[in-house]
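Analysis of the macromolecular model
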Amino acid sequence: MAPNKSAGKAAAKAAKKTKQADKAAKKEAQAIKASSAKKGKGKAAQDDDDDLDAILEQYKREMEANTTQTVTSLEAPPPPRANALFLASPSTLASESAHLYLLFGEYFDGARATFYNSTLRYDVAKAEWREYKSGEGPSPRSSAAGVAGAGLADGGGILIFGGEYSSPTQTSFHHYKDLWLFTIKTHSWARIDFKKGPSGRSGHRMVLWKHLVILFGGFIDVGIKTNYLSDLWIFDTETYKWTQIEHIDKDRTPGPRSGFSFIPCPEGAILYGGYRKDYVKGTKPKGVPLDDGWLLRMDTDLKAIKWERRKKIGYAPSLRSGASMVPWPAKGMGVLFGGVIDEEKDDEDLESVFFNDLYAYNTAGNGRWISLNLKKRKKGGGKRRRKAVEQREQAGDSDVDMDADDDAGSAGEDGVGEGEGEDRGVGEGEGEGMDEDKAAVAADDDDDPEDPAKTVPLTRYNAMLAILKNTLFIYGGIFETANPAREYTLDDFVTLNLEKLDRFVHLRGTGLDELEWLESDDEGDSESEDGDGGRGREAEDGDESDEDEDEDEAALADEEDDEDDEAKERRHAALTQAEKDALRKRATLFLGVAKDAARAEADVLATPLPGENLRMFYERSREYWAGTAYGSTGYRGKTLRREGFKLASAKYDEYRPVLEEVERIQREAELDAAAAAASKRTAMSVVGEGGRSRR
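Residues numbered from 1 in each chain as written. Predicted model: local features only at pLDDT ≥ 70, side-chain atom pairs only at ≥ 80, totals over all residues. Heavy atoms only, no water.

What follows is about the pattern of salt bridges. One pass over the structure, following the stated rule, counts 24 salt bridges. Of the charged contacts in the structure, one is a salt bridge between aspartate 278 and arginine 276, with a shortest N-O distance of 2.9 Å. For arginine 276, a relative accessible area of 26% gives the class partly exposed. Residues participating in the shared-partner salt-bridge network are Glu569, Arg584, Glu661 and Arg664. (Salt bridge = Lys/Arg side-chain N within 4 Å of Asp/Glu carboxyl O. Buried < 20%, exposed > 50% of the residue type's maximum accessible area, 1.4 Å probe, protein only.)

We now examine unusual backbone geometry. Backbone geometry at asparagine 83 places phi at a positive 55 degrees, although glycine is not the residue there. Along the polypeptide, asparagine 83 turns up in the loop between β1 (70–73) and β2 (85–88). We classify asparagine 83 as buried; its relative accessible area is 10%. Backbone geometry at lysine 210 places phi at a positive 55 degrees, although glycine is not the residue there. Relative to the elements of secondary structure, lysine 210 occurs in the loop between β14 (205–209) and β15 (212–216). By relative accessible area, lysine 210 is classed as exposed at 59%. (Helix = DSSP H or I, 4+ residues; strand = E, 2+ residues; numbered from the N terminus.)

With that settled, the discussion passes to the sheet that holds strand β13 (residues 188–192). Spatial ordering of the open sheet is given by β8-β9-β12-β13, a layout of 4 strands whose pairing is antiparallel. Each having just a single partner strand, β8 (145–149) and β13 make up the two edges of the open sheet. Strand-to-strand twist across the sheet, computed as the mean angle between neighbouring axes with direction ignored, equals 20 degrees. As defined by bridge partners, strand β9 (residues 157–161) adjoins strand β12 (residues 179–183) across 5 bridges and the pair is classed as antiparallel. Bridging across to β12, isoleucine 158 finds its partner in phenylalanine 182. (Pairing = 2+ DSSP bridges. Axes fitted to C-alpha atoms, helices over the stretch in contact; angles between N-to-C directions.)

A few words now on the packing of aromatic side chains. For the structure shown, the criterion picks out 28 aromatic pairs. Ring centres of tryptophan 129 and phenylalanine 493 lie 5.8 Å apart, and the angle between their planes is 45 degrees; on these two criteria the pair is classed as tilted. Taken together, the residues span a long stretch of sequence, with tryptophan 129 in strand β7 (residues 128–133) and phenylalanine 493 in strand β31 (residues 486–497) at a distance of 364 residues. The pair formed by tryptophan 129 and phenylalanine 493 is uniform in burial state, with each residue classed as buried. Ring centres 6.4 Å apart and planes at 90 degrees place the aromatic pair tryptophan 233 and tryptophan 242 in the edge-to-face group. Here tryptophan 233 and tryptophan 242 have matching classes, each one buried. Clustering of aromatic rings is evident, with ring pairs tying together Phe86, Tyr122, Trp129, Phe473, Tyr475 and Phe493. For the cation-ring pair, arginine 81 lies above tyrosine 116, with the distance from its terminal atom to the ring centre recorded as 4.3 Å. (Phe/Tyr/Trp six-rings, centres within 6.5 Å; stacked < 30°, edge-to-face > 60°. Lys NZ or Arg CZ within 6 Å of the ring centre and 35° of its normal.)

So, on to the sheet that holds strand β18 (residues 232–236). Here we have 4 strands laid out as an open sheet, ordered β14-β15-β18-β19, and antiparallel in their pairing. The open sheet has two edge strands with one neighbour each: β14 and β19 (241–244). Shown here is a sheet whose adjacent strand axes are inclined to one another by a mean of 25 degrees, direction ignored. As judged from the 5 bridges shared by β15 and β18, these two strands associate in the antiparallel manner. Its bridge partner lying in β18, isoleucine 214 is registered against isoleucine 234.

Sheet analysis places β14 next to β15, joined by 5 bridges and oriented antiparallel. Counterpart to leucine 208 in the pairing with β15 is valine 213. Hairpin remark: β14 followed by β15, antiparallel, with 2 residues in the connecting loop; positive phi at lysine 210, about 55 degrees.

Along the chain, arginine 664 turns up in helix α11 (residues 637–669). Owing to a relative accessible area of 8%, arginine 664 belongs among the buried residues under this scheme. Setting aside chain neighbours within four positions, we find arginine 664 in contact with Lys568, Glu569, His572 and Arg584. (Contact = heavy atoms within 4.5 Å.)

Listed below in structure tokens is the structure:
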């Protein structure tokens, strides 16, 4: 029986190798084809990514050499961008009060990312853009945080902190930890130096409360994994000093996150939602959109500051990330627009749902969400039919989650968009299963060229919002198409009167047909499959489509691990006593190093841990090896991962004798299996994999 069983196993392994060889040959041919198309630009990309610090230092020198301050009236609107700062002028000067400032941002054309350091001002009355330049100012960046206040500088000011800059191909990143003040009156920047303060970061948020600036959260992309932050800092604009708030119990605070909504209120600040990634051993990083709400109750005595959880009351937005929220001071509210949610269709596929709906959050009392709906234009005919439909809708509206003693939370209270029989959500359809009267009403609306719903902007995430008095301004953001798969950085400019809620006014159209996309559709599809095509819209990395390729690599790892104990012992027995003694010494030393919690993260990733086979080692350190392979080859996509697997396999082979000797030591010492497993889990908890995240 044994020979037959052995022969069957050998045949199965041979068939498995043949199948994998055929599949590998096919994919290698595809990789060669793609590589030949990208060979030229791959070398250029590597040159671009060599040293971000040197690039930024050179930029700083060039900027300082230009000592003349210039003001330029733009003949055309600014180029498309996302993750910029868009702020209403806080100035008390009559000549500056009706202005909007657009600062920094980034643009992606399908091949390269461009970061801006521009300081742009939009004059609402004249519909005119101006750009201000001087010898001193922040370097190019995106995803910075900023606040505007009348008392921050003479004539009002804007305070910004942090942000990020990346290489054109977005393979390496730099996080800023600088603080800058823009003075409205002089249109000039000044750097504020400090000794102790927040670390460099992106995706954080800031709020101005009295004379105190509040900073929370964000992320740091170290290339191997994304670290999400939950630290809380206060900057005193009178003393110019940062203070970290550390006395609050971490169980009573919002968890780590980036890309959340953060608006001021009389009590302090309101935090809503955000995004983070969870890292679990042996699995791919999983994006987690958040929808929890918090009140940061402020006090000039910083020791009295505390977080309070807020319940969801009224018509709240559905779960999403990448939404944008801006304070509406005239009403004591915040206004939220857009966003995206990635829903699992099955075990392998994700479907992204994008939004262009609009909500308000009333910060008073316990807080309340309000759905802001465009008013429907009154028409001469069909009043009786329309009224019947509205009565049935009102009678059947019972799906609102609110406290028993709360009033209805729809648009119309607090003087916001008062209308009758509105739909929930801007621009949303009536849904399926409508009766004949309802269908007739919908048909009337479809035929109406003046229907306000037809003015609703494109769905998007990471849009820039600002409010002047009672007018909402929406600028840019990211819009996606499914076929072909592309992420367009928008430059449309849209307004809405929040009191009237009558229709959106497009100051500049979508311009979608005018936007460049330099990557070919074939390349885009390949990149998307590889997990490199999507830029991480503050989004998950698109790794789901890599599973087939990852399974191939995992199968190869399993094959190399498929060795019985007898073969290991035969190999060990062939060693001389001196070789055995040297190996035992190496293994003992290795055990001590593996338990050292102070090891650098790169060292932990590059070295197998006791008890790991090749598959476990590769799954844990996949991103590290991909980055190492990219640095030496410039490859991308499947070819890059294949090179990364080769590097990981070679490193594991280097440590294989030591790992086998560690197992032998543990068996001889009769270590408790449970204790060994716990130790292993502890050691592995410090590592992970990941990439770009939602900001």
